[in-house]
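# Residue-level structure breakdown
Spelled out from the first residue to the last, the chains are:
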Amino acid sequence: DSGVTQTPKHLITATGQRVTLRCSPRSGDLSVYWYQQSLDQGLQFLIQYYNGEERAKGNILERFSAQQFPDLHSELNLSSLELGDSALYFCASSVAHSGASGELFFGEGSRLTVL
Amino acid sequence: AQSVSQHNHHVILSEAASLELGCNYSYGGTVNLFWYVQYPGQHLQLLLKYFSGDPLVKGIKGFEAEFIKSKFSFNLRKPSVQWSDTAEYFCAVNAPYGGATNKLIFGTGTLLAVQP
């Protein structure tokens, strides 16, 4: 158990819909990262938040957005869903946003299936 | 920009065979290097990491990796694999002092199947 909690574990929805994925980081971790894992793209970094502020942005579509709340949990919002958005979405957390302690701790992921 | 290459996409071994998975990265500055493992249906777990010091790093479950700075490589090894090592292995890198983020850049992964 990494200490990172993600909900829901599985989600099935239709094209055009909107979903929200939730992540609670390890206790004490201020940084949250979102990754997308698909068969054809591998593990792609989407976005990072640190203590409520966006810190780094990766290959995140405009249809996707995220935020980190004062209690440090984070939500990833996916809208106008397409079939190609079907993937495993991982959340990870770390203590700092940068620096020597670079280890990330991953949650179990939310598997999104778009039909 | 940083990138990570894993040259072996699929590896099939028999139990007790030795394993070496290649990983090369591109980044000119100081890097942290990681190997993560993903067992079927599970989340990513850290196998081992290199931050500094001895370039030969030992991790869990008998895995080790060697950082060779001149080759920009961080290959994963295990002398004798077991059926339970069947999983996907990811090499990853971040640049702790090269920017404002600890984000990990992952390789494409190597799927290891160990036959009993």
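What you are looking at is a predicted structure, and each value in this text was computed from that prediction instead of being measured.

## Remarks on the overall build of chain A
Secondary structure assignment for chain A yields zero helices and 11 strands. For chain A, the sequential pattern of α-helices and β-strands runs β-β-β-β-β-β-β-β-β-β-β. Since a compact globule built from 115 residues should have a radius of gyration of about 13 Å, the 13 Å found for chain A is in line with a globular shape. On the principal axes, the C-alpha backbone points of chain A span a range of 40 × 30 × 30 Å. Buried residues in chain A amount to 52% of all 115 residues. When the accessible area of chain A is evaluated, it comes to approximately 5,400 Å², of which 47% is carbon and sulfur surface. In chain A, the 8 positive side-chain charges and the 12 negative ones have mean positions that sit 2 Å from each other.

## Structural notes on the nonpolar core
Counting residues in each nonpolar core, the largest one holds 29 residues, and the members touching the most others are Trp35(B), Leu48(B), Leu76(B) and Tyr89(B). Here this core gets four residues from one element, more than from any other, and that element is strand 10 (residues 87–94) of chain B. Residues contacting Leu76(B), with those up to four places away along its chain left out, are Leu19(B), Glu20(B), Leu21(B), Trp35(B), Leu47(B), Leu48(B), Phe63(B), Glu64(B), Ala65(B) and Tyr89(B). Counting 20 residues, the second largest nonpolar core, distinct from the first, contains Val4(A), Ile60(A), Phe64(A) and Leu81(A).

## Focus: the pairing of strand 5 (residues 42–50) of chain A
All names here are of chain A. Counted residue by residue, strand 5 has eight buried out of nine residues, so it is predominantly covered. One ladder, built from eight bridges, connects strand 4 (residues 31–38) with strand 5; its direction is antiparallel. Of the residues in strand 5, the one forming a bridge with Val32 is Tyr49. From the end of strand 4 to the start of strand 5, which pair antiparallel, there are three residues. In this antiparallel pair of consecutive strands, strand 5 and strand 6 (residues 53–57), the connection spans two residues, and Asn51 shows a positive phi of 50°.

## A short note on unusual backbone geometry
Phi is mostly negative for residues that are not glycine, and the peptide bonds are mostly trans. Look at the link from Thr7(A) to Pro8(A): it is a cis peptide, with omega at -10°. Its place among the elements puts Pro8(A) in the loop between strand 1 (5–7) and strand 2 (10–13). Residue Ser80(A) is not a glycine yet carries a positive backbone phi of 45°. Turning to its location among the elements, Ser80(A) is positioned in the loop between strand 8 (74–78) and strand 9 (87–94). Residue Ala16(B) is not a glycine yet carries a positive backbone phi of 80°.

What counts, and where the lines are drawn
Residues numbered from 1 in each chain as written. Chains lettered and ligands numbered in written order. Predicted model: local features only at pLDDT ≥ 70, side-chain atom pairs only at ≥ 80, totals over all residues. Heavy atoms only, no water. Helix = DSSP H or I, 4+ residues; strand = E, 2+ residues; numbered from the N terminus. Rg over C-alpha atoms; globule rule 2.2 N^0.38 Å. Buried < 20%, exposed > 50% of the residue type's maximum accessible area, 1.4 Å probe, protein only. Areas by Shrake-Rupley, 256 points an atom, 1.4 Å probe, with all protein chains shown as cover. Lys, Arg positive; Asp, Glu negative; His and termini not counted. Charge placed at Lys NZ, Arg CZ, Asp CG, Glu CD. Core = buried A, V, L, I, M, F, W, Y, C linked by side-chain atoms within 4.5 Å. Contact = heavy atoms within 4.5 Å. Pairing = 2+ DSSP bridges.

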